[in-house]
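Observations on the model geometry
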Amino acid sequence: MYLINCILIIFGVINIFSPLQQDDYAKYQAIVKFIKYTTWSENNSNEIIIMAATDKDDFEKMQKYFSNLQTDNPRIKLTKLNSLDETANVHVIYISETAQITPTEIKEKITNQQILSLTTDKNLLNYGIMFYFNATDNCTDYLYNRQAVIESGLTIRSSLLNYTHQYTIN
């Protein structure tokens with residue numbers, strides 16, 4: 001029994017310090033790509049604030065990725081999204097499929113705001129989220145909600161929209 005406990009502890013420690021999985025890395029790279037192709041007319045700072053609504057494990061992986069990310073300009077700051085009432089001065093909202101936020105709350109809080117909204121939950125495109133993406137180590141699929149992009153007032157470069165597919169709202 002002692003040997004089994006030692007093995008479990010060792011594997012737990014290895015798992016904590018293991019590098020990001022390839023799918024996680026691809027997902028976080030996709031977020032950076034969205035930021036690079038977006039212009040905020042109201043942003044005068046050298047910092048982009050991302051609020052992430054996701055589970056604890058994914059948030060910790062995101063922190064690890066973004067803390068090691070080397071960018072010239074702008075600097076990216078990651079914070080945990082606990083409530084959509086906290087979105088003042090936020091540039092990007094990332095909502096994972098594990099987030100505990102209701103779709104109607106999303107629509108009420110981010111519509112007509114200069115917030116780049118991203119998700120890995122395709123259904124949220126029906127509630128005002130701008131972009132859905134499914135990133136794996138082999139490829140990334142993108143869909144966008146044209147109406148949400150227009151309403152946000154953000155400038156999204158056409159080179160990003162060229163390799164995304166427009167999503168038809170149900």
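Up top is the structure.
Rules and cut-offs
Residues numbered from 1 in each chain as written. Predicted model: local features only at pLDDT ≥ 70, side-chain atom pairs only at ≥ 80, totals over all residues. Heavy atoms only, no water. Helix = DSSP H or I, 4+ residues; strand = E, 2+ residues; numbered from the N terminus. Contact = heavy atoms within 4.5 Å. Areas by Shrake-Rupley, 256 points an atom, 1.4 Å probe, with all protein chains shown as cover. Salt bridge = Lys/Arg side-chain N within 4 Å of Asp/Glu carboxyl O. Buried < 20%, exposed > 50% of the residue type's maximum accessible area, 1.4 Å probe, protein only. Phe/Tyr/Trp six-rings, centres within 6.5 Å; stacked < 30°, edge-to-face > 60°. Axes fitted to C-alpha atoms, helices over the stretch in contact; angles between N-to-C directions. Left-handed = near helix turned anticlockwise from the far one by under 90°. Nonpolar A, V, L, I, M, F, W, Y, C, P; charged D, E, K, R; others polar. Expected span 1.5 Å × (residues − 1). Pairing = 2+ DSSP bridges. Right-handed = clockwise from strand over helix to strand, strands pointing away.

Looking only at helices and strands, the chain has six helices and nine strands in total. Pairs at least 24 residues apart make up 63% of the contacts formed inside the chain by residues separated by at least 6 positions. About 10000 Å² of surface is accessible on the chain, with carbon and sulfur atoms providing 49% of the total.

Evaluation of the coordinates by the stated rule reveals five salt bridges. A salt bridge links aspartate 58 to lysine 27, with the nearest nitrogen and oxygen atoms 3.2 Å apart. Of the two residues, aspartate 58 sits in helix 3 (residues 56-68) while lysine 27 sits in helix 2 (residues 22-36), which places them 31 residues apart along the sequence. Overall, aspartate 58 belongs to the buried group, its relative accessible area being 6%. You can call lysine 27 buried: its relative accessible area is 12%. Between lysine 61 and aspartate 57 there is a salt bridge, with its nearest N and O atoms 3.4 Å apart. On the criterion of helical spacing, the pair formed by lysine 61 and aspartate 57 is a turn pair, its members being four residues apart in helix 3.

Okay, the packing of aromatic side chains next. Summed over all chains, the structure comprises nine aromatic pairs. An angle of 40° between the planes, with centres 6.2 Å apart, marks the rings of tyrosine 94 and phenylalanine 133 as tilted. On the criterion of sequence distance, the pair formed by tyrosine 94 in strand 4 (residues 92-95) and phenylalanine 133 in strand 6 (residues 131-135) is long-range, its members being 39 residues apart. Per residue, the accessibility class of tyrosine 94 equals that of phenylalanine 133, and both read buried. Chaining the aromatic ring pairs together yields one cluster made of Phe34, Tyr94, Phe131, Phe133, Tyr142 and Tyr144.

The next point concerns the packing of helix 2 against helix 3. Where helix 2 meets helix 3, the axes come as close as 10 Å, and the angle between the chain directions of the two elements is 65°. Helix 3 is crossed by helix 2, and the crossing has right-handed handedness. Packed against helix 2, whose contacting residues are Asp24, Tyr25, Lys27, Tyr28, Gln29, Ile31 and Val32, the element helix 3 presents Asp58, Lys61, Met62, Tyr65 and Phe66 at the interface. Looking at the contact of helix 2 with helix 3 residue by residue, the classes come out as seven nonpolar, one polar and four charged.

Attention now moves to the environment of methionine 130. Within the secondary structure, methionine 130 is located in the loop between strand 5 (116-119) and strand 6. On the accessibility criterion, methionine 130 (1% relative accessible area) is buried. For the pair methionine 130 and tyrosine 167, spaced 37 residues apart in the sequence, the C-alpha separation amounts to 9.6 Å. Excluding residues that lie within four positions of it along the chain, methionine 130 makes contacts with Ile115, Leu116, Ser117, Leu125, Leu143, Tyr144, Asn145, Ala148, Val149, Ser152, Leu154 and Ile156.

For helix 2, spanning 15 residues, the distance from its first C-alpha to its last is 21 Å, which sits close to the expected 21 Å at 1.5 Å a residue. Buried within helix 2 are the following residues: Asp24, Ala26, Lys27, Tyr28, Ala30, Ile31, Val32, Phe34 and Ile35.

Another point: the pairing of strand 4. Here strand 4 shows two buried faces, one formed by Val92 and Tyr94 and the other by Ile93 and Ile95. Pairing of strand 2 (residues 47-53) with strand 4 involves four bridges; the strand directions are parallel. Its bridge partner lying in strand 4, isoleucine 50 is registered against valine 92. In terms of strand pairing, strand 4 meets strand 5 through four bridges, oriented parallel. Each bridged residue has a counterpart across the sheet, and for valine 92 the counterpart in strand 5 is leucine 116. Handedness of the strand 4-helix 4 (residues 103-110)-strand 5 crossover: right-handed.

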